[in-house]
Amino acid sequence: RSEKMDVETAENVTVKNSSAETSKFTTEIQEIVKKSYSDIVLDSNVKSINSRFLLYNQIIGGIPIGRFVVVQALEGVGKSSLVVQLAADIQKFQYPIVYLDTEYAMSTQRFSQLGFNLNDKNVIYLQPTSLQQVFSLIRDIIKTKIEKFGIDMPAFIIWDSIAATPAKEEVQLEEIVGVEVGIRARILSQGLRVITGLLSKSNVTLIAINQYRMKMSNGMPSWGGPQYTTPGGLAPKFTAYQTIELKDSSKFNDEDPEDNGKLVKFKALKNKMKAPLVEFSMYYTYEHGFDNEKSLFYHLKENKQIIASGPKYHLKTLPDVSFFKKEFSDMLKDQTFASEINKLITPEYV
């Protein structure tokens, strides 16, 4: 009987809790946090910047502000070109960009080909020599921004790349032997744990490139398991807000000899802005990087939203409007046609 009364009492207490009391409690806690824990971020609304690529914006969510983004792939797939093109899109908003180049592989001419002005007054180009120096620079950038310029203005740091950045201990060695196993992974783990929170508090975005490496199997094949891994341990995977994977498309046969490029498959292995693991393809031209219009055309064709009828094509939802492939870019200037394209590339259509 007493147990039954306890249950009834508990139920009555639950019922008596009102929305007004709940509101007072949460308001009081928020006031305590603001007063005693002023460095805690209360706003979880992550803003983003749209890139030039409609597919990237619709499916991945654009470029998040105040977060850590990793772009990873094998060599030669186009990851550096993509990140430089994203930097060029950021540059149009006149936001400050700090480019940390530890690969020493990109020339001024290539930056220019991809639309990024390295001599812009809002761009700082640096070549740090070690992981420790990279994290020291990032912390100084964030600290300076918060103390002298506030948090309202976004800022962006590009890091190319994680895989090519050695630890200070490696740089100081006279011989390339005797480095402690796992030292880079530990430095990355410690550094990323610290700066991830600082990024969100300062509205600074860090976009880092990482490159897949072949797994060491000690002579035994890795049956059914992944053949590649990313250098630097698991920290980039765990701390990233978005992890974007690029892969060459093995099924693509380019029937147009005028198109000097290839299809590259995109997949957000991790994405806290939109649904992860949605695959889509973008067209990569060897000269000018990824192309928005050709990416849209091939993506819609691959997903059977563009139908071929002889030498011409039409949208599945606009069968009466036909066009040649070379006319597709001009068709996008038509508001009705462009609006239909936007509907077709939203995730529910993919």
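Whatever comes next refers back to the structure up there.
Bear in mind the structure is a predicted one, so any value in this text is a computation, not a measurement.

S.K.: Explain the overall build of the protein here, please?
M.R.: A tally of helices and strands in the protein yields 12 helices and 16 strands. Here the protein holds 350 residues, and 42% of them are scored as buried. The long-range fraction of contacts in the protein, counting pairs at least 24 apart against all pairs at least 6 apart in sequence, stands at 67%. With an accessible surface of roughly 19900 Å², the protein has 52% of that area assigned to carbon and sulfur atoms.

S.K.: How should I be thinking about the pattern of salt bridges in this particular structure?
M.R.: Opposite charge on two side chains permits pairing when their charged atoms draw close. Summed over all chains, the structure comprises six salt bridges. A salt bridge links glutamate 279 to lysine 267; the shortest N-O distance between them is 3.2 Å. Here lysine 267 lies in strand 11 (residues 261–271) and glutamate 279 lies in strand 12 (residues 279–285), a separation of 12 residues in the sequence. By relative accessible area, which is 21% here, lysine 267 ends up partly exposed. Salt bridges linked by common partners bring Arg52, Asp89 and Lys92 together as one network.

S.K.: How should helix 8 (residues 183–202) be read in this particular structure?
M.R.: In an α-helix there are 3.6 residues to a turn, and that puts residues three or four apart on one side. For helix 8, spanning 20 residues, the distance from its first C-alpha to its last is 28 Å, which sits close to the expected 28 Å at 1.5 Å a residue. Taken from the residues just after helix 8, asparagine 203 is the one with a positive phi, measuring 60°.

S.K.: I keep staring at the sheet that holds strand 5 (residues 123–126) and nothing clicks. Help me out?
M.R.: Where strands meet in a sheet, backbone hydrogen bonds hold them as pairs that are either parallel or antiparallel. Read across the open sheet, the nine strands follow the order 5-4-6-7-3-10-11-12-13; overall the sheet is mixed. The open sheet is flanked by strand 5 and strand 13 (289–291), the only strands paired with a single partner. Going across the sheet, the axis of each strand differs from the next one's by a mean of 25°, ignoring polarity. Pairing analysis gives four bridges linking strand 3 (residues 68–73) to strand 10 (residues 242–248), with the strands arranged parallel. From the neighbouring strand, glutamine 72 faces strand 10, where its bridge partner is glutamate 245.

S.K.: Explain the packing of aromatic side chains to me, please; I cannot follow it from the model alone.
M.R.: Both the distance between ring centres and the angle between the ring planes are used here to describe each pair of aromatic rings. Following the criterion strictly, the structure yields 21 aromatic pairs and no others. Measuring from centroid to centroid gives 5.8 Å for phenylalanine 111 and phenylalanine 116, while their planes differ by 55°, and the two rings are tilted. We note that phenylalanine 111, like phenylalanine 116, is buried. On the numbers, 5.5 Å between centres and 85° between planes, the contact of phenylalanine 297 with tyrosine 298 is edge-to-face. Judged on exposure class, the residue phenylalanine 297 and its partner tyrosine 298 are both buried. Site record: aromatic cluster; members linked through ring pairs are Phe53, Tyr56, Phe266, Phe280, Tyr284, Tyr286 and Phe290.

The rules behind the values
- Residues numbered from 1 in each chain as written.
- Predicted model: local features only at pLDDT ≥ 70, side-chain atom pairs only at ≥ 80, totals over all residues.
- Heavy atoms only, no water.
- Helix = DSSP H or I, 4+ residues; strand = E, 2+ residues; numbered from the N terminus.
- Buried < 20%, exposed > 50% of the residue type's maximum accessible area, 1.4 Å probe, protein only.
- Contact = heavy atoms within 4.5 Å.
- Areas by Shrake-Rupley, 256 points an atom, 1.4 Å probe, with all protein chains shown as cover.
- Salt bridge = Lys/Arg side-chain N within 4 Å of Asp/Glu carboxyl O.
- Expected span 1.5 Å × (residues − 1).
- Pairing = 2+ DSSP bridges.
- Axes fitted to C-alpha atoms, helices over the stretch in contact; angles between N-to-C directions.
- Phe/Tyr/Trp six-rings, centres within 6.5 Å; stacked < 30°, edge-to-face > 60°.

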